[in-house]
Amino acid sequence: MSAPDATLLLRAIAGETVFGLDVDSRIRQAANGMSARLMIELFHRLDTSSADWEREFISALNAIEEDCGTGDPSFLIGFDDGRWQGLEAGEDFEEEEEEEEPDTSSEHYLQLRFTSEDAAYFQFHLFPTFDEPFIQGAARKREGDSQFLMIEVARKEDLQIFIQNLRRNPHLVAVEEITAEAFENAASQAI
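Residues numbered from 1 in each chain as written. Predicted model: local features only at pLDDT ≥ 70, side-chain atom pairs only at ≥ 80, totals over all residues. Heavy atoms only, no water.

S.K.: I'm lost on the packing of aromatic side chains in this one. Help?
M.R.: Pairs of aromatic rings are described using the distance from one ring centre to the other and the angle between the two planes. Applying the stated criterion across every chain yields a total of eight aromatic pairs. Ring plane angle 15 degrees and centroid distance 6.3 Å describe the contact between Phe 130 and Phe 162, whose orientation is recorded as stacked. Here the residue Phe 130 occupies a position in the loop between helix 5 (117–123) and strand 2 (135–143), and Phe 162 occupies one in helix 6 (residues 158–166), the gap between them amounting to 32 residues. Given the relative accessible area of 1%, Phe 162 is considered buried. For the cation-ring pair, Arg 140 lies above Phe 124, with the distance from its terminal atom to the ring centre recorded as 5.5 Å. Over the face of the ring belonging to Phe 183 we find Lys 141, whose NZ or CZ atom lies 4.9 Å from the ring centre. (Phe/Tyr/Trp six-rings, centres within 6.5 Å; stacked < 30°, edge-to-face > 60°. Helix = DSSP H or I, 4+ residues; strand = E, 2+ residues; numbered from the N terminus. Buried < 20%, exposed > 50% of the residue type's maximum accessible area, 1.4 Å probe, protein only. Lys NZ or Arg CZ within 6 Å of the ring centre and 35° of its normal.)

S.K.: Can you walk me through the sheet that holds strand 3 (residues 146–153) in this structure?
M.R.: The strands making up a sheet associate through backbone hydrogen bonding, with each pair oriented either parallel or antiparallel. One open sheet holds the four strands; their spatial order is 2-3-1-4, and the pairing between them is antiparallel. The open sheet terminates on both sides in strands that have one partner only, identified here as strand 2 and strand 4 (172–177). Put simply, the sheet's adjacent strands are angled 20 degrees from each other on average, direction ignored. The strands that helix 2 (residues 21–31) touches are strand 1 (106–114) and strand 4; relative to strand 4, the one it contacts most, it runs at about 110 degrees. On top of the sheet, helix 6 reaches strand 1, strand 2, strand 3 and strand 4; it is set at about 145 degrees to strand 3, its chief contact. (Pairing = 2+ DSSP bridges. Axes fitted to C-alpha atoms, helices over the stretch in contact; angles between N-to-C directions. Contact = heavy atoms within 4.5 Å.)

S.K.: Hey, could you run me through the environment of Asn 32 in this one?
M.R.: Residue position: Asn 32 is located in the loop between helix 2 and helix 3 (36–44). Distance in space between the C-alpha atoms of Asn 32 and Ile 13 is 9.5 Å, their sequence separation being 19 residues.

S.K.: Can you walk me through the packing of helix 1 (residues 6–13) against helix 2 in this structure?
M.R.: Angle between the axes and distance between the axes are the two parameters that describe a pair of packed helices. The geometry of helix 1 relative to helix 2 is characterised by a closest axis approach of 8 Å and an angle of 85 degrees between their N-to-C directions. By the angle between their directions, the pair helix 1 and helix 2 is classed as roughly perpendicular. Taking contact as the criterion, the partners of Leu 9, Ala 12 and Ile 13 in helix 1 are, on helix 2, Asp 24, Ile 27, Arg 28 and Ala 31. Looking at the contact of helix 1 with helix 2 residue by residue, the class counts come to five nonpolar, no polar and two charged. (Parallel < 35°, antiparallel > 145°, perpendicular 65-115°, else oblique. Nonpolar A, V, L, I, M, F, W, Y, C, P; charged D, E, K, R; others polar.)

S.K.: Could you clarify how one ought to interpret unusual backbone geometry in this entry?
M.R.: With the exception of glycine, most residues fall at negative phi, and the peptide bonds are largely trans. With omega at -5 degrees, the peptide bond leading from Phe 127 into Pro 128 counts as cis. As for its placement among the helices and strands, Pro 128 is situated in the loop between helix 5 and strand 2.

Everything listed here is a matter of coordinates, which is why it stays silent on function.
Dropping the structure here:
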């Protein structure tokens, strides 16, 4: 049994793509709800020679979050992950002058896989909603058991929040990063 390198976990938490978009975003989400020691302990108990070690790790994180998680970041000391949209770290409510910020928006292409074709079909006009304040533009298509999204977010960090909000849907199986070409080649018409 060989334990994975903990620096890979730290890189994923820091925002790098290490294990893939879906696994990395689940790790970042769990990191906001548990202590670093607990996460490292779970990570070190994995056998990376197993084909499903990533799935086992995510299952363990989900089980702990279900049993012990409060969902409220005020119980933890951590980094500002953007949960409180509209307020930057240390920003006061009554700030008079707003500085012009450079355009940091970015486009992302995602494939949302659902439990079945029926789930993807019936969810199409309902989920996901694009009403978050950080979403600047969006388009979607549907093909088979998947939706294909193009979203433009205000900051690259907002993608994690968007994906975290997607996970509330019980019919969603995975979120995968795709290319612009894969989005364009999806058979469904955009709305």
